[in-house]
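# Structural features, examined
Okay, here's what each chain looks like letter by letter:
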Amino acid sequence: LLTRSTRPKRLLRAVQKNATRGDPLSVISAIDHFCRHSEWAMNVGDEKGSILDSVVSELNPNTSLELGTYCGYSTVRIARLLPPGARLITLEFNPDYAAVARQVISWAGVQDKVELVEGPSGDLIPQMKERFGVETFDFVFLDHWKDRYLPDTNLLEECGLLRKGAVLLADNVICPGTPEYLAYIRNSPRYESRYFQSHLEYTKVEDGLEKSVFLG
Ligand SMILES: Nc1ncnc2c1ncn2[C@@H]1O[C@H](Cn2cc(CNC(=O)c3cc([N+](=O)[O-])cc(O)c3O)nn2)[C@@H](O)[C@H]1O
Ligand SMILES: [Mg+2]
């Protein structure tokens, strides 16, 4: 049976061809080059990616969660900045994307910091304490289906998975947009939010990241 080439598989081939094993920065730039010059893909990208980097570097999170792994681009961006012993759990619904992401993550050499779990976030979040031994998250990156941002944030609250001072960083709050999530998080007395204006990855269209600190 001919295995159909998909965009994530072509992206992975570009990484294996152009990036150096064990060098996360070369993996990041190989994906950005592929998305700029070959095929656009919905990675957070280099412009919003540098905002992501600064939030992670400032926070130095011990336990992080990513919703929506896709090809592992932001997984690598986050994991490369984590201190020794810190860990990132990333949730991915689509097994084909997960298979590609695992290879991108190991090509970058950050697999020891990353736990990729396949399944829908709505089912997996309530399992974080018992099954994954998580106490609370210090950092959460939301980049999955836009209508899951709010229900998953409520789930994280209800499951007691956010510590006082935990940071939520949400991609695409303008494009494609996450209106219900924005309305909730900007009006809730339990969060202190700030919008970082940027552009939709690899384009001139406006987009941005919403950074929200959980106040407890
Ligand atoms: N509830 C979920 N649980 C686990 N994984 C999920 C869930 N929802 C989506 N995913 C996974 O996220 C990955 C990537 N993904 C993200 C989205 C939603 N994001 C976008 O649609 C998007 C769209 C644009 N865009 O259209 O310009 C730009 C972006 O930066 C985006 O994140 N859909 N699939 C996919 O592999 C999917 O299986
Ligand atoms: Mg996104």
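Structure: above.
The residue count restarts for each chain, going from 1 along the sequence in the order it is written. Chains carry letters and ligands carry numbers; both start at the beginning, A for chains and 1 for ligands, and go up in the order they are written. Side-chain atom pairs in this predicted model are given and counted only at pLDDT of 80 or more, local residue features only at pLDDT of at least 70, and totals for whole chains, interfaces and linings cover all residues. Remark: hydrogens and water are excluded; side-chain values derive from all non-hydrogen atoms of the structure.

### Some details on the overall build of the protein chain
Strands here are runs of E lasting at least two residues and helices are runs of H or I lasting at least four, both read from the DSSP assignment and numbered beginning at the N terminus. Looking only at helices and strands, the protein chain has 10 helices and seven strands in total. For the protein chain, with 216 residues in total, the buried portion stands at 53%. Here the analysis covers contacts within the protein chain between residues at least 6 apart in sequence; of these, 71% occur between residues at least 24 apart. Carbon together with sulfur atoms contributes 52% to the accessible area of the protein chain, which is approximately 9900 Å² in total. Just so you know, the count uses Lys and Arg for positive and Asp and Glu for negative, and it drops His and the chain ends. Where a charge lies is defined by one atom per residue type, namely NZ (Lys), CZ (Arg), CG (Asp) and CD (Glu). Here the protein chain contributes 25 positive and 29 negative side-chain charges, whose respective centroids are spaced 4 Å apart. Burial classes follow relative accessibility: with a 1.4 Å probe on protein chains only, a residue under 20% of its type's maximum area counts as buried, one over 50% as exposed, and anything between as partly exposed. Note on contacts: a residue pair is in contact if any heavy atoms of the two residues lie within 4.5 Å. For accessible areas, the Shrake-Rupley method is used with a probe of radius 1.4 Å. Any residue's cover is judged against the shown protein chains and nothing else.

### Some points on the nonpolar core
Ranked by internal contacts, the top residues of the largest apolar core, which has 43 residues, are Leu 11, Val 27, Ile 31, Leu 52, Ile 78, Val 104 and Phe 139. Mapped by element, the contributors of at least two residues to this core are helix H1 (7-18), helix H2 (24-37), helix H3 (45-59), helix H4 (73-79), helix H5 (95-108), strand S3 (114-118), strand S4 (137-142) and strand S5 (162-170). Per element, the largest residue contribution to this core is seven residues, and it comes from H5. Val 117, Phe 132, Ala 170 and Ile 185 belong to the second largest nonpolar core, which has 28 residues in total. Only buried residues count toward a nonpolar core, which is a set of Ala, Val, Leu, Ile, Met, Phe, Trp, Tyr and Cys residues joined through side-chain atoms within 4.5 Å.

### Some details on the coordination of the magnesium ion (ligand 2)
Each metal site is built from N, O and S donor atoms within 2.8 Å (3.2 Å for Na, K and Ca), and since water is not included, such sites may look incomplete. Within the protein, the atoms that donate to the magnesium ion (ligand 2) are Asp 143 (OD), Asp 171 (OD) and Asn 172 (OD1), at distances of 2.0 to 2.2 Å. Positions of the donor residues of the magnesium ion (ligand 2), expressed as sequence spacing, correspond to D-x27-D-N. Here Asp 143, found in the loop between S4 and helix H8 (149-158), pairs with Asp 171, found in the loop between S5 and helix H9 (173-177); they are 28 residues apart in sequence, far enough to count as distant. Exposure class is identical for Asp 143 and Asp 171. Each is buried.

### With respect to the pairing of strand S7 (residues 206-214)
Among the nine residues in S7, seven count as buried, and that is most of the element. Strands were regarded as paired on the criterion that DSSP finds at least two bridges between them. Of the strand pairs in this sheet, S5 and S7 are connected by four bridges, and their pairing is antiparallel. Across the sheet, Leu 169 pairs through a bridge with Lys 211, a residue of S7. As paired elements, strand S6 (residues 191-199) and S7 share nine bridges and run antiparallel to each other.

### Considerations on unusual backbone geometry
Going from Cys 175 to Pro 176, the amide bond is cis rather than trans, its omega being 5°. Tracing the chain through its elements places Pro 176 in helix H9. You will see that Asn 60, though not glycine, has its phi angle at about 50°, which is positive. By the secondary structure assignment, Asn 60 is in the loop between H3 and strand S1 (63-67). Residue Asn 60 is classed as partly exposed on the basis of its relative accessible area of 47%.

Limitation: the analysis is restricted to geometry and does not speak to function.
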